[in-house]
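Chain residues, written in single-letter form:
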Amino acid sequence: MTRSPEAVLVLEDGTSFRGRAFGAEGEAFGEAVFNTSMSGYQEVLTDPSYAAQIVTMTYPHQGNYGVNSEDPESRGIQVAGFVVREASRRPSSWRSERSLQEELGAAGVVGIEGIDTRRLTLRIRSAGAMRCAVSTEDLDPASLGERVRRSPGMEGADMAKGVSTREPYEARDVVGPADGSLGRVFRVAAYDFGIKHNILRLLASHGCQTTVFPAETPAQTVLDGDFDGVFLSNGPGDPAATTYGVTATRELLGKKPVFGICLGNQLLGLALGGSTYKLKFGHRGINQPVLNKDTDVVEISSHNHGFAVDPKSLESATEFGRVALTHWNLNDDTLEGLRCLDAPAFSVQYHPEAAPGPHDARYLFTRFRELMNGA
């Protein structure tokens, strides 16, 4: 077997890791983040919210079940780079069509394996999110580190429009028709800030006929379309820099029922007059405990975000009325969801649509349907 080329990962503080390349050869620059999921690497790789990020998987063995053409969350791999302890060379699953290595290579995405991912994760947890690079070309940590420090960071980065669709399209062309067995089929306008396919699947399964719009679509375009509700999707980048999303959300509030997920939650918070801030190292994984204050139930949930809404900024009544702070992360007490009490709008920071799971928060799609029905 041909030995894989040497590769190096360097953080902006100069910490370096030597390993072996897998996937494509070359270089990748981005923000270093870690994901604690034990499965779902294909969904991670294809989630547009991971654009411009180099993702480290903390579970040591990745690629065991290969990849297939049914599970991607978007049109292709979105991460800037991928970091694992060990990548499987022989996937074992009846659903597998290609290996993880083949998928990264075909997409031109640089990966590195054979490094101490525990040490890397602990470094990010203690020092905070940092820029980094993975390279098979520049193997000098000092040289590569200097280039990392000249690369752009995530704060102030407007990235949603870069991963969004360029033209509106009907979700049924991607995930099939809306389920009409629930009664009335609702027409939903979904803002694509980096939308995932499983969101469209769940909207369809909850009786929503969805039209997906580019991130910069003016609110008036949606209002002219006579939709029953508006969905604000997940996406990458700094929410405060996604000014077009904040503007559109403000103009839609009180006029249409609104449901937001992830970046959509942050945009709703900003539209209400709140503020956002960057987390030290973010939440990424499928095992985050979130307390639903409405029910006093703890939901195990999937997360992928590096920013959060400041709860103190929404403590007083807003231009659109009062706001209930409904969901809280039990690991670090960050705000994970909100609901307008005087306007039909709510959002959560985590991912109720998560595939392959957990599914504790799927009820939120039912709540959106009820909101559009006037409940």
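Residues numbered from 1 in each chain as written. Predicted model: local features only at pLDDT ≥ 70, side-chain atom pairs only at ≥ 80, totals over all residues. Heavy atoms only, no water.

Asker: What am I meant to see in the overall build of the chain here?
Answerer: Of the regular secondary structure elements, the chain holds 11 helices and 19 strands. In terms of overall dimensions, the chain is globule-like: its C-alpha atoms have a radius of gyration of 20 Å, near the 21 Å expected for 375 residues. The principal-axis extents of the C-alpha atoms in the chain amount to approximately 60 × 45 × 40 Å. The long-range fraction of contacts in the chain, counting pairs at least 24 apart against all pairs at least 6 apart in sequence, stands at 76%. Accessible area for the chain stands at about 14,800 Å²; split by element, carbon and sulfur atoms hold 47% of it. In the chain, 37 side chains carry a positive charge and 47 a negative one; their mean positions are 3 Å apart. (Helix = DSSP H or I, 4+ residues; strand = E, 2+ residues; numbered from the N terminus. Rg over C-alpha atoms; globule rule 2.2 N^0.38 Å. Contact = heavy atoms within 4.5 Å. Areas by Shrake-Rupley, 256 points an atom, 1.4 Å probe, with all protein chains shown as cover. Lys, Arg positive; Asp, Glu negative; His and termini not counted. Charge placed at Lys NZ, Arg CZ, Asp CG, Glu CD.)

Asker: Hey, could you run me through the side chain of aspartate 228 in this one?
Answerer: You can see aspartate 228 is positioned in the loop between α8 (219-224) and β13 (229-232). Polar contacts involving the side chain of aspartate 228 include one to the side chain of arginine 184, which spans 2.6 Å. Not counting chain neighbours up to four residues away, the residues in contact with aspartate 228 comprise Arg184, Val185, Phe186, Arg187, Pro257 and Met372. (Polar contact = N/O pair within 3.5 Å; in protein donor to acceptor, adjacent residues only side chain to side chain.)

Asker: Mind showing me how you'd approach the packing of aromatic side chains here?
Answerer: What describes a pair of aromatic rings is the distance from one ring centre to the other and the angle between the planes of the rings. Scanning the entire structure with this criterion turns up eight aromatic pairs. Here the aromatic rings of phenylalanine 259 and phenylalanine 365 are separated by 5.6 Å at their centres, their planes lie at 80°, and the arrangement is edge-to-face. With a gap of 106 residues between them, phenylalanine 259 in strand β14 (residues 258-261) and phenylalanine 365 in helix α11 (residues 363-372) connect regions that are remote in the sequence. Across the pair, exposure class does not vary: phenylalanine 259 and phenylalanine 365 are buried alike. An angle of 50° between the planes, with centres 5.4 Å apart, marks the rings of phenylalanine 259 and phenylalanine 368 as tilted. You can see phenylalanine 259 sitting in strand β14 and its partner phenylalanine 368 sitting in helix α11, a full 109 residues away along the chain. Classification of phenylalanine 368 by relative accessible area gives buried; the value is 0%. Stacked on the ring of phenylalanine 227, the Lys or Arg arginine 187 has its end atom at 4.3 Å from the ring centre. (Phe/Tyr/Trp six-rings, centres within 6.5 Å; stacked < 30°, edge-to-face > 60°. Buried < 20%, exposed > 50% of the residue type's maximum accessible area, 1.4 Å probe, protein only. Lys NZ or Arg CZ within 6 Å of the ring centre and 35° of its normal.)

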